[in-house]
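# Secondary and tertiary structure notes
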Amino acid sequence: MTQKVLITPRTFGTIDSKPIKLLRDQDYELIFNPHGRLLTEEELINLISDVVGVIVGLDPMTAKVLNSAKKLKIISKYGVGVDNIAVDCATQKKIMVTNTPGANSLAVAELTFGLILDVARQITFSDRRLRQNQWGKCYGFELNGKTLGLIGTGRIGREVAVRAKGFGMRIIGYDLKPDLEWARTVGVAYMSLDRLLSSADIISLHVPLAEGTYHLISSRELALMKRSAILINTARGGIVDEDALFQALHNKEIAGAGLDVYENEPSADSLLRSLDNVVLTSHIGSHTFESISRMGWMAAENLVAGLSGKRPPYLLNP
Ligand code: NAD
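Description of the structure in this document. These numbers were taken from a predicted model, which means no experiment stands behind them.

Time to look at empty space enclosed by the protein. A complete count under the given rule lists one cavity of 30 Å³ or more for this structure. In this model, the largest cavity occupies a volume close to 40 Å³.

And the structure:
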C-alpha cells in the first residue's frame, strides 16, 4: 500500500523541485498543507492519522497530535528549532525527529544584521514618515566600535559574529557551552549573561527555545541593559518576556528592538506594533531562496533515509 507523507511548510519545494522529486521517486503519496498557513492542532490531528512521515515547519506537533498519529515513523523538521515538536513524546513512541542544522544560518544571520542596521539608523521609521510626507531627520548610531553581545554562539551566532567583525564591532558572548578555541580565533570574549547585558550596545539572541531559555530576557535582564542599547531577537519569541519588553521600550529604558519572532505566532503583539522604536518582521529569518532550497533538500533526505530503514543524517533522538 502507498505510504502517505504530510508536508506542512508552504515554501517546501517551491524554489527547487528536487526535494519533491526525491519524495515522488519513492512512491509516497504526498499530502500538502491544504490551508496555506500554519496548521492548528486540530487540523494536524485530522491530517496525520494514517501518514508515516511528516515534513513540518512551525506547526504544533504536540503530544496530542502525536497520540493520534498511529503510523508515524519520522518527523522531519524543515528548519532548526524543534520547540514546536514534543520530542520526548516522539522518542517514547519511537518516532524519529530530525532537523536541518546550518541550512538557514546565513539567512538568519543576514536578517539579524538587517534588523541591527534598521534599528540603529531608523530606516523603517524614516520610510514610514516619508510616506506620510514628513521629511524630518532621523538620528542613529554607527556600528563601528560598538559592542555586540551574542547570547548563543552556535551556527547562527557565529555567522553574525563574522559580519560584526566586518563592521568593526567588538564582540562579547554568552553560551551554555562556550567554545574557547573559536572565541580565541575570532576574538570574542565570553562572559556571564549579566555582564554581557550591562556591557553590550547591541544584544542579539541565538539560543533555542527550551526550558532553560523561556523568558531568559525579562524585566530584570532588560533593566541591566544600557538605556542606549538595542535588543534583536531572530531566535524564538518565548525567549523574551514580551510584556516586559514593551514596558522597557515604552519607558525608553532601552533604545529599541528588532524582532522577527513573537510569543504568539502568527501575530505580533499589538502593543509592540504601537511603538516607533521597534522594527517587526513576520518570522522571515530563513526565507531566502538559498535557505529554502537547502532546508527542502535536507528535510527530504532525512525523511527518505528514515523511512527506508537508514539512519537519517540529522537525527536528534537516536
Ligand atoms: P545552534 O544549536 O547551532 O546554536 C545554539 C547555541 O545556543 C549553542 O551554542 C548552545 O550551546 C546555546 N545554548 C543552548 N541553550 C542555552 C542556554 N540555556 N543558555 C545559553 N546558551 C545556550 O542553533 P542555531 O542554528 O544557531 O539556531 C539558534 C536558534 O535560532 C534555533 O534554535 C531557532 O530557534 C532559531 N532560528 C530562527 C529562525 C528564524 O526564522 N527566525 C531560523 C532558524 C533558527
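What follows deals with helix H1 (residues 18–25). Of the positions making up H1, those classed as buried are Pro19, Ile20, Leu22 and Leu23. Along the axis of H1, the buried residues cluster in a sector spanning 155 degrees; they form a single face. Elements in contact with the buried residues of H1: strand E1 (4–7), strand E2 (29–32), strand E3 (51–56) and helix H13 (289–307). Residue Asp27 follows H1 closely and has a positive phi angle near 70 degrees.

Residues in contact with the ligand amount to 23 residues; listed here are only the nearest, Arg155, Ile156, Asp175, Thr234 and Asp260. A distance of 2.6 Å is found between an oxygen atom of the ligand and a side-chain nitrogen or oxygen belonging to Asp175. The backbone of Leu176 places a nitrogen or oxygen atom 3.1 Å from a nitrogen atom of the ligand. Protein chains bury 86% of the 870 Å² of accessible surface belonging to the ligand in isolation. Looking at side-chain class alone, the shell around the ligand contains nine nonpolar, 10 polar and four charged residues.

Taking every second residue as pointing to the same face, both faces of strand E11 (residues 256–259) are buried, with Gly256 and Gly258 on one and Ala257 and Leu259 on the other. Where strand E10 (residues 230–233) lies against E11, four bridges are found, and the strand directions are parallel. Paired with Ile230 across the two strands is Gly256, which belongs to E11. With helix H11 (residues 242–250) bridging E10 and the parallel E11, this β-α-β connection has right-handed handedness. Examined bridge by bridge, E11 and strand E12 (residues 278–280) share three bridges and lie parallel to one another. By the bridge assignment for E12, Leu259 is matched with Leu280.

Summed over all chains, the structure comprises three aromatic pairs. Their ring planes at 15 degrees and their centres at 4.9 Å tell us that Phe113 and Phe167 sit as a pair that is stacked. Within this pair, whereas Phe113 is found in helix H5 (residues 105–121), its partner Phe167 is found in the loop between helix H7 (155–166) and strand E7 (170–174), the two being separated by 54 residues in sequence. Residue Phe113 is classed as buried on the basis of its relative accessible area of 5%. Its relative accessible area of 36% is what places Phe167 among the partly exposed residues. Aromatic pair Trp182 and Tyr190: ring centres 6.4 Å apart, planes at 55 degrees, arrangement tilted.

With that out of the way, let us pick up the side chain of Asp260. Considering the arrangement of structural elements, one finds Asp260 in the loop between E11 and helix H12 (270–273). A distance of 2.7 Å separates a polar atom in the side chain of Asp260 from the backbone nitrogen of Ile284. A distance of 2.9 Å separates a polar atom in the side chain of Asp260 from the backbone nitrogen of Gly285. Apart from residues lying up to four places away in sequence, Asp260 is in contact with Leu111, Leu115, Asn233, Thr234, Glu265, Thr281, Ser282, His283, Ile284 and Gly285.

With that settled, consider the pattern of salt bridges. Close approach of charged atoms allows side chains with opposite charge to pair. If you walk through the whole model with that rule in mind, you get 15 salt bridges. Among the salt bridges present, the one from Arg220 reaches Glu221, with a minimum N-O distance of 3.2 Å. With relative accessibility at 10%, the residue Glu221 sits in the buried group.

Strand pairs in the sheet, formed through backbone hydrogen bonds, run parallel or antiparallel to each other. With respect to topology, five strands assemble into an open sheet ordered E2-E1-E3-E4-E5, the strand pairing being parallel. A single partner strand is all that each edge strand has here, and the edge strands are E2 and strand E5 (96–98). Along the sheet, successive strands turn relative to each other by an average axial angle of 15 degrees, direction set aside. Strand contacts of H13: E1, E3, strand E4 (74–77) and E5, with the helix running at about 165 degrees to E4, the strand carrying the most contacts.

Strand order in the open sheet formed by seven strands is E8-E7-E6-E9-E10-E11-E12, with parallel pairing between adjacent strands. At either end of the open sheet lies a strand with only one pairing partner, and these are strand E8 (188–190) and E12. In this sheet, neighbouring strand axes are inclined to one another by 20 degrees on average, regardless of whether the strands run parallel or antiparallel. The sheet contact formed by E7 and E8 spans three bridges and is parallel. Of the residues in E8, the one forming a bridge with Gly173 is Tyr190.

What counts and how
Residues numbered from 1 in each chain as written. Predicted model: local features only at pLDDT ≥ 70, side-chain atom pairs only at ≥ 80, totals over all residues. Heavy atoms only, no water. 1 Å grid on protein atoms, 1.4 Å probe; cavity = no way out; pocket = protein on both sides within 12 Å on 5 of 7 lines; lining within 4 Å. Points joined across faces, edges and corners; volume = space filled by probe spheres on them. Buried < 20%, exposed > 50% of the residue type's maximum accessible area, 1.4 Å probe, protein only. Helix = DSSP H or I, 4+ residues; strand = E, 2+ residues; numbered from the N terminus. Arc of directions from axis to C-beta. Contact = heavy atoms within 4.5 Å. Near = heavy atom within 4 Å. Polar contact = N/O pair within 3.5 Å; in protein donor to acceptor, adjacent residues only side chain to side chain. Areas by Shrake-Rupley, 256 points an atom, 1.4 Å probe, with all protein chains shown as cover. Nonpolar A, V, L, I, M, F, W, Y, C, P; charged D, E, K, R; others polar. Pairing = 2+ DSSP bridges. Right-handed = clockwise from strand over helix to strand, strands pointing away. Phe/Tyr/Trp six-rings, centres within 6.5 Å; stacked < 30°, edge-to-face > 60°. Salt bridge = Lys/Arg side-chain N within 4 Å of Asp/Glu carboxyl O. Axes fitted to C-alpha atoms, helices over the stretch in contact; angles between N-to-C directions.

From the geometry alone we can't say anything about function, so treat these as descriptive.
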